[in-house]
Structure formats: structure tokens, C-alpha cells
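Remarks on the overall topology
So the chains spell out like this:
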Amino acid sequence: MTASTVLPVRLDEDYHVHSTFSDGASTVAENVQVAGERGLRQICLADHVRRDTGWVPEFVAAAGALRDRSELAVLIGLEAKIWDATGHLDLPDAIGGVDLILVADHQFPGPDGPVHPNLIRAALERGALAPSEAIGGLLAATSAALTRVTGARPLIAHLFSLLPKIGLSERAVPDAALASLAGRAAETGALLEVNEKWGCPPARTVAVFAAAGVRVVAGSDSHHCRDIGRFTSVRRTVDAVAAVAGR
């Protein structure tokens, strides 16, 4: 049994490619050119935004022009962090022409806004915050964020990349809570990214989401065109899911 039989993750697609519009080193044109040279069939050009980001229309126009001239499919995405415990996103109002919103756990979504991971880790270490509370809060905010995405499709980017930063592990996430988040993703039509850069989420999470009917995609999280479509940790995760399913 092959990985593709169990989990049809296409490795000729890259759903997480940054450019010079945010913190990438390569232009959108360079990214599309390299993706085509490597035989990819689809990429998502995605850059980090905040609420006050003003260049989204320019980004959409530049990416859209490349889509019209390229043989591979070019999607337009914006990566926004989960802002608070109720799932608001650090996202500008003007997102016309965007295909995907990458929902990201860059910081901990606190009641009044994002909290630096070091502060959450310190609270856990001194017993002011229980691991179950931190995990529950992160999952609840992620779930709520999916319902707040309008005008584009949500994609859960590098799910649980925050947990090691605060001293926790995906293994501490209860089965029922994981299944609930997967169910919400399925309801909202969200995609789940297996992220190359951060090596997450692990096979257990991916298997739960796939079983819930969520489409799982690969993302390099590239900040330079040389890394587009280069999947090593993604392959390991997909193979691990296949190995479990094949037992």
C-alpha cells in the first residue's frame, strides 16, 4: 500500500510559498518560474499580512498576472496569525481576489490578543496555566478562526507549530479535541497543510483530519525559490500515515 493510496497528498503542488511582498527573498515571478521548471502543477503564492497591510491589491495584481501567463495553476493566498481567543485574524479588510487564507498559530491567541510563546511557556512552568488550558485555548481559537474566514478558503498552516515553543507536544492533545477540530475543518471546507519547514503536524493529526474528509496538502513554507517543492519531512509524515493505515 502506497502513501498516495491512503493519503492523496500531491507532492507536485506547493501551497505555501513566500515572496518579497513580505519576508521572502524571491519575487513572485521567480517563484512561479522555478515551480514551473521543477514540474509542479500548482503553487499558492502566500505572504504574511497584518491588519494594517496595504499592499494586498498590488500583490493580487502581480500574482494574477502570472497566473494568466503560466502553464501551472497559481493560487493567491495570505497568511494571517490567529489574533485572539475568539478566532479573529490579523488580516486586512481588503482581500479581494484572494483564493486562500492561511490560518497560522504564530503566537498564542490570548483573550485580548496575541501572546508571545515565551510568556505562555513561563506561565506553564510556574503553574499559572495548565497544559490542558493552553491546548484547549489554542484549539478553540483555531476552530473559531476557520468560521471567520470569508471570501476565500481557509487553510490551516503548520498546525501545532506553536506547541514546542511553549514546551508542549501534540501528543498531549486529546483525541476528542483533535477530532472536533478536524470536524470543524471539514464543515468549513478548510485544507490542512503538512508543513515542510516546521515538520508539522505529525502523522497522528494528519490521519485524523484525512479520516474526517479534510483535504491534506503539502507546503514548503519557502522563503527562497530554491526551496519550492522540496519535501523531505512532508514525505516522512505521509509515509508514516500510510504505514499506520496499512497495518
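It should be noted that the structure appears before, not after, this text.
Residues numbered from 1 in each chain as written. Predicted model: local features only at pLDDT ≥ 70, side-chain atom pairs only at ≥ 80, totals over all residues. Heavy atoms only, no water.

Moving on, we get to the pattern of salt bridges. Side chains that differ in charge, positive against negative, can pair when their charged atoms come close. Evaluated as defined, the whole model comprises 10 salt bridges. When the shortest N-O distance is used, the salt bridge between Asp99 and Arg67 registers 2.9 Å. A residue pair is termed long-range when its members are at least 10 positions apart, and Asp99 in the loop between β3 (73-81) and β4 (100-104) and Arg67 in helix α3 (residues 56-69) qualify at 32 residues. Assessed through its relative accessible area of 25%, Asp99 is described here as partly exposed. Residue Asp90 is joined to Lys81 by a salt bridge in which the shortest nitrogen-to-oxygen separation is 2.5 Å. Note on Lys81: relative accessible area 11%, which makes it buried. (Salt bridge = Lys/Arg side-chain N within 4 Å of Asp/Glu carboxyl O. Helix = DSSP H or I, 4+ residues; strand = E, 2+ residues; numbered from the N terminus. Buried < 20%, exposed > 50% of the residue type's maximum accessible area, 1.4 Å probe, protein only.)

In this section: the sheet that holds strand β1 (residues 13-17). Spatially, β1-β2-β3-β4-β7-β8-β9 is the arrangement adopted by the 7 strands of the open sheet, whose pairing is parallel. The two strands at the open ends of the sheet, each matched to only one other strand, are β1 and β9 (216-219). With direction set aside, neighbouring strand axes in the sheet form an average angle of 30 degrees. Summarising the sheet, strand β7 (residues 153-157) and strand β8 (residues 191-195) pair through 2 bridges and their orientation is parallel. Directly across from Leu155, in β8, lies its bridge partner Leu191. (Pairing = 2+ DSSP bridges. Axes fitted to C-alpha atoms, helices over the stretch in contact; angles between N-to-C directions.)

Along the polypeptide, Asp90 turns up in the loop between β3 and β4. At 2.8 Å, the side chain of Asp90 and the backbone nitrogen of Arg51 are in polar contact. If near-sequence neighbours (up to four positions away) are discounted, Asp90 is found in contact with Val49, Arg50, Arg51, Ala80, Lys81 and Trp83. (Polar contact = N/O pair within 3.5 Å; in protein donor to acceptor, adjacent residues only side chain to side chain. Contact = heavy atoms within 4.5 Å.)

Right, let's talk about the environment of Pro174 for a bit. Here Pro174 shows up in the loop between α6 (162-165) and α7 (175-188). Looking at Pro174, the relative accessible area reads 43%, which means it is partly exposed. For the pair formed by Pro174 and Ile135, sequence separation is 39 residues and the distance between their alpha carbons is 9.0 Å. Apart from residues lying up to four places away in sequence, Pro174 is in contact with Ile135 and Arg204.

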